[in-house]
Amino acid sequence: MTELDESRAKPQTDDVDEDIYAENGSIRSDFLAMVGAAIADRDLLFLRQNVASLHESELGDLLESILPDQRLALVKLLGNDFDLTALTEVDEAIRLEIVDQMPNEQIAAAIGELDSDDAVYILEDLDQEDREEILAQLPFTERVRLRRALDYPESSAGRRMQTEFVAVPPFWTVGQTIDYMRDEEDLPESFTQIFVIDPTFKLLGIVDLDRILRTKRQVKIETIMRETNYPIPADMDQEEAAQLFEQYDLLSAAVVDENGRLVGILTIDDVVDVIQEEAEEDIMRLGGVGDEELSDTIPETSRSRVPWLLVNLLTALLAASVISVFEATIEQIVALAVLMPIVAGMGGNAGSQTMTVTVRALATRNLDIYNAWRVVRREAGVGLLNGIIFGILIGIAAGLWFQDVNIGGIIAAAMLINMMAAALAGIMIPLLLDKVGADPAVASAVFVTTVTDVTGFFSFLGLATWWFAIS
């Protein structure tokens, strides 16, 4: 069992005394069967002992694994024992499906027990009317904090931040700070830093807890505080904030408003979620499937895929029109019809390789205007080298296959041309899309494929037409 598996293992109960996960990381089928039977039998004792006690991430996995009708019945049976934090671990469609069936009173009661970032994560997907009704049932201070977080743009640091933090004035002593943390009940469950603020809540600095513990009680906070490392504007995009964490190896960071006032903190556990979400989003968009999730219905999935498939159809018609120009040549030399998909296919794959590297480099900001030309030269060199290698290989194979050295030479030259075009298209198209403000992850694949198809067909059939016309 791996370290991750061991961390997932649950303490023994009367009914289930094993890890709920199988070796492949999915939830054990026998546990799913037991939960399904308990739901059908309305066995509240089993559900409270073995389901309500699960960690939020485990409960989230369970909700995604059981049937939709079982999912809703489980939440209803658990009632107030259901951990609403688990909804931050499931697909958006499942989250909305569950909260739509829960009374707003129950949601409000559960929201009050959540960390502010988890509460915002759930509230932001609700209808405005339901959201306001839920917020109206919360204490004034908490309601104000949540509304302020919800006012920040979606996918911003302000939406991701926690509004629970410890802040003290600079003139306090270490002793006063320690006494405050001991006596105050409304503090975060866990924290590693104390923020130093002025009367207007403007951020002045931070003090690590270990520094507090090693300093005498009479020492003032202002003498041991240090400047805040890389405070994050609340309206900064969450992906940019995650890049700061990665670049400077941060565990937490202060979030400030436009006036430099402390409004919250970002912690590494939230940033890990952001990194995973952004990586998944880039991968999905490269495949032209947008924000599709496994829990989406057939019509929803189809609707998310149709637009780019339609664009692909139009670009395929463009490639087909290139082929039609050389119809007479293809009729005379059947070998061309057999071989031309190879040129286009190899170019498409080479272009996809370059495009994937480029899009990821743009997303992580490793590629910019200062090093773009160097990378373009490198990719052009790679395209030239690979074009020579595969041109020679396919040229020899085609020449032997059709017993015609002319066919071999033509396809070798076309392969070289298309591999060069693929390499250049794979890097230039994402760069141009990024320059004009479009998302390279969304649009690059279609344009790169179009370039390699058109160039591959035109170079191969054009060279064949020219060569056999002069020979």
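Residues numbered from 1 in each chain as written. Predicted model: local features only at pLDDT ≥ 70, side-chain atom pairs only at ≥ 80, totals over all residues. Heavy atoms only, no water.

Undergrad: So what's going on with a nonpolar patch on the surface? Which residues, and what values?
TA: A contiguous nonpolar surface patch, about 470 Å² in accessible area, is contributed by Leu384, Ile388, Ile392, Ile396 and Leu400. The topology assignment puts Leu384 in helix α20 (residues 372-402). (Patch = residues over 30% accessible without salt bridge, like charges linked within 9 Å, V, L, I, M, F, W, Y side chains within 5 Å. Areas by Shrake-Rupley, 256 points an atom, 1.4 Å probe, with all protein chains shown as cover. Salt bridge = Lys/Arg side-chain N within 4 Å of Asp/Glu carboxyl O. Helix = DSSP H or I, 4+ residues; strand = E, 2+ residues; numbered from the N terminus.)

Undergrad: Let's hear about the nonpolar core: which residues, and what values?
TA: Grouped together as the largest cluster of nonpolar side chains are 61 residues, with contacts concentrated most on Leu62, Leu84 and Ile111. Residues in contact with Leu62, not counting those within four places in the same chain, are Ile27, Phe31, Leu32, Val35, Val51, Leu54 and Leu74. Counting 25 residues, the second-largest nonpolar core is a separate cluster that includes Val322, Leu336, Ile410 and Ala422. (Core = buried A, V, L, I, M, F, W, Y, C linked by side-chain atoms within 4.5 Å. Buried < 20%, exposed > 50% of the residue type's maximum accessible area, 1.4 Å probe, protein only. Contact = heavy atoms within 4.5 Å.)

Undergrad: Would you mind going over helix α2 (residues 29-41) in detail, with residue names and values included?
TA: Spanning 13 residues, α2 covers 18 Å between terminal C-alpha atoms, matching the ideal 18 Å at 1.5 Å per step. Within the span of α2, buried status applies to Phe31, Val35, Gly36, Ala38 and Ile39. Axial view of α2: buried residues confined to an arc of 160°, hence all on one face. Opposite the buried face of α2, at more than 90 degrees from it, the exposed residues are Ser29, Ala40 and Asp41. Tucked inside the fold, the buried residues of α2 contact α3 (44-50), α4 (56-65) and α5 (68-78). (Expected span 1.5 Å × (residues − 1). Arc of directions from axis to C-beta.)

Undergrad: Break down the packing of α5 against helix α6 (residues 92-101) for me, with residues and values.
TA: Direction vectors running N to C along α5 and α6 enclose 45°, while the axes themselves pass 10 Å from each other. Between α5 and α6, the interaxial angle falls into the category oblique. Between α5 and α6 the crossing geometry is right-handed. Taken together, the residues of α6 that come into contact with α5 (itself represented by Pro68, Arg71, Leu72 and Val75) are Ile94, Glu97, Ile98 and Gln101. The class makeup of the residues in the contact of α5 with α6 is five nonpolar, one polar and two charged. (Axes fitted to C-alpha atoms, helices over the stretch in contact; angles between N-to-C directions. Parallel < 35°, antiparallel > 145°, perpendicular 65-115°, else oblique. Left-handed = near helix turned anticlockwise from the far one by under 90°. Nonpolar A, V, L, I, M, F, W, Y, C, P; charged D, E, K, R; others polar.)

Undergrad: Please set out the pairing of strand β2 (residues 193-197) residue by residue, giving values where relevant.
TA: On a regular strand, each side chain points to the face opposite its neighbour's, so the side chains alternate between the two faces of the sheet. Most of β2 is tucked away: five of the five residues are buried. Burial along β2 is two-sided: the face carrying Gln193, Phe195 and Ile197 and the face carrying Ile194 and Val196 are both buried. As paired elements, strand β1 (residues 167-168) and β2 share two bridges and run parallel to each other. Among the inter-strand pairings, Val168 is bridged to a residue of β2, identified as Val196. Handedness of the crossover joining β1 and β2 through helix α12 (residues 174-183) is recorded here as right-handed. Pairing geometry for β2 and strand β3 (residues 203-208), over five bridges, is antiparallel. (Pairing = 2+ DSSP bridges. Right-handed = clockwise from strand over helix to strand, strands pointing away.)

Undergrad: An account of the confidence of the model for the protein chain is requested, with residue identities and associated values reported.
TA: Per-residue confidence for the protein chain gives a mean pLDDT of 85, with 92% of residues at or over 70. Below pLDDT 50 for its whole length, residues 1-15 participates in 20 contacts with residues either more than four positions away or in separate chains. (pLDDT = per-residue confidence, 0-100.)

Undergrad: Describe the pattern of salt bridges, with residues and values.
TA: The tally for this structure, following the rule as stated, stands at eleven salt bridges. Among the ionic pairs, Arg48 bridges to Asp81, the shortest N-O distance being 3.0 Å. One end of the pair, Arg48, is in helix α3; the other, Asp81, is in the loop between α5 and α6, and 33 residues separate them in sequence. For Arg48, a relative accessible area of 43% puts it in the partly exposed group. Looking at Asp81, the relative accessible area reads 36%, which means it is partly exposed. A salt bridge links Arg71 to Glu97; the shortest N-O distance between them is 3.1 Å. With a gap of 26 residues between them, Arg71 in helix α5 and Glu97 in helix α6 connect regions that are remote in the sequence.

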